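Summary of the model geometry
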Amino acid sequence: MTNGIEHTVLQLAVLVGSLRAQSFSRKIAKALAARAPDSMRCRFIEIGNLPLYNEDLDGDDPPAAWSAFRRAMRECDAALFVTPEYNRSIPGCLKNALDVGSRPPGKSVFKGLPAGVVSVSPSKIGAFGSNQALRQTFVFLDMPVMQQPEAYIGNVAELLDDKGAVTNADTAAFLEDFMASLETWIRTVHPGGSSFDAFMKQREKIAEDYVNGDASSLKAIVTRAGPATFFSPRGDHLEGAEAVAGRYERDAASFHKGGNTDLEVLQASSSGDLAFWSGLQHAKARIGKNGETTEMTLRVTEVFRLEDGAFKLVHRHADPVH
Ligand SMILES: Cc1cc2nc3c(=O)[nH]c(=O)nc-3n(C[C@H](O)[C@H](O)[C@H](O)COP(=O)(O)O)c2cc1C
């Protein structure tokens, strides 16, 4: 695939499990963000204004703060949690944020999101309990979490000056190493960079299946709900998820094995629930009764919507280049 979106800057959500102004955890979070590699952008997402989760409020018109939080989380490729320990577990504000982001069912912003954990305490054992409690919740949220290096920042008051700068050289080096490891690990989980980059790699493989007469992998990424449109190379167009899905399936049946295709992506981007690519699709396909090889180039725009945490094709416009 020819595309300009590899090695994108990773958007890292930073969630701090303390609300107090002089929080040690926030100071450590800032120290971590300051040591992030250039290819990672840290975005502090505030959780203190989230109303306590109440399923009764989570209908068509949920609290604005919940929607803003969910939107912000969806714009990130991974999350870093920096938290103190309250009574050997995670503070309520952080658990509330996890609960808010995990709902409604099937729409969790956390599903599949790579995570890192740093626990912080003025006491010796570095908030081990909260670090582990958070990991326990990640199991149910289906979040992959970096295992090593672990980060239990104990005796934190002795590691910072009045302004929150890290005075201990070993700690400073450890924080830098932690961020570098986190970046490497996130890119292992999402090899293309952002989840849409990874999806686009999959998209090209799906296009290849299609020009070989196999529509099954395309079927898996075509929306089954809500609005859908297809402007076909023949000049006609269809509307509606069912009609569009049926058409893709029928069209694929006209291709024989032995084709190949390449997506020349000129623009691609994702933001929140939506993503698109636009460019050229070059194909050598065997079409018709005799399966003669035909070369074609299409001008293509495709739009995807996140449904249950997965990108689904909601619009395709393909015109032949004459
Ligand atoms: C309700 C509450 C419970 C706490 N429980 C623990 C605990 O279990 N383990 C611990 O190491 N510190 C505990 N502490 C002390 C915190 O580690 C300390 O207040 C720390 O500074 C809080 O983090 P922050 O500086 O980021 O706000 C607790 C503090 C509060 C307010």
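Residues numbered from 1 in each chain as written. Predicted model: local features only at pLDDT ≥ 70, side-chain atom pairs only at ≥ 80, totals over all residues. Heavy atoms only, no water.

Examining empty space enclosed by the protein
Once rolled over the atoms, a probe with the size of a water molecule shows which space is left empty. Tallying each qualifying case throughout the model produces 1 cavity of 30 Å³ or more. As for the largest cavity, its lining consists of Ala215, Leu218, Lys219, Val222, Arg224, Ala245, Tyr248 and Glu249. Elements represented by at least two residues in the lining of the largest cavity include exactly helix H7 (216–221) and helix H8 (241–252). (1 Å grid on protein atoms, 1.4 Å probe; cavity = no way out; pocket = protein on both sides within 12 Å on 5 of 7 lines; lining within 4 Å. Points joined across faces, edges and corners; volume = space filled by probe spheres on them. Helix = DSSP H or I, 4+ residues; strand = E, 2+ residues; numbered from the N terminus.)

A few points about the site of the ligand
Every one of the 13 residues lining the ligand counts as a neighbour, but Ser18, Arg20, Ser23, Ser25 and Glu85 are closest to it. A distance of 2.6 Å separates an oxygen atom of the ligand from a polar atom in the side chain of serine 25. One nitrogen or oxygen atom from the side chain of glutamate 85 is found 2.7 Å from a nitrogen atom belonging to the ligand. For the shell around the ligand, the per-class residue count stands at 4 nonpolar, 6 polar and 3 charged. (Near = heavy atom within 4 Å. Polar contact = N/O pair within 3.5 Å; in protein donor to acceptor, adjacent residues only side chain to side chain. Nonpolar A, V, L, I, M, F, W, Y, C, P; charged D, E, K, R; others polar.)

Examining the domain arrangement of the protein
It is common to report an interface's size as the accessible area lost on association of the parts. With domains assigned, the protein is organised as domain 1 (10–189) and domain 2 (195–320). Computed from C-alpha coordinates alone, the two centres of domain 1 and domain 2 are separated by 37 Å. Listed per partner, the contact involves 5 residues of domain 1 and 7 residues of domain 2. Of the roughly 440 Å² buried between domain 1 and domain 2 on both sides combined, carbon and sulfur atoms contribute 44%. By the criterion of area lost to domain 2, the three top residues of domain 1 are Arg74, Glu75 and Gly106, representing 66% of everything that side buries. The tally of links between domain 1 and domain 2 comes to 0 salt bridges. (Domains from an automatic or database assignment. Contact = heavy atoms within 4.5 Å. Buried area = accessible area lost by both parts, 1.4 Å probe. Salt bridge = Lys/Arg side-chain N within 4 Å of Asp/Glu carboxyl O.)

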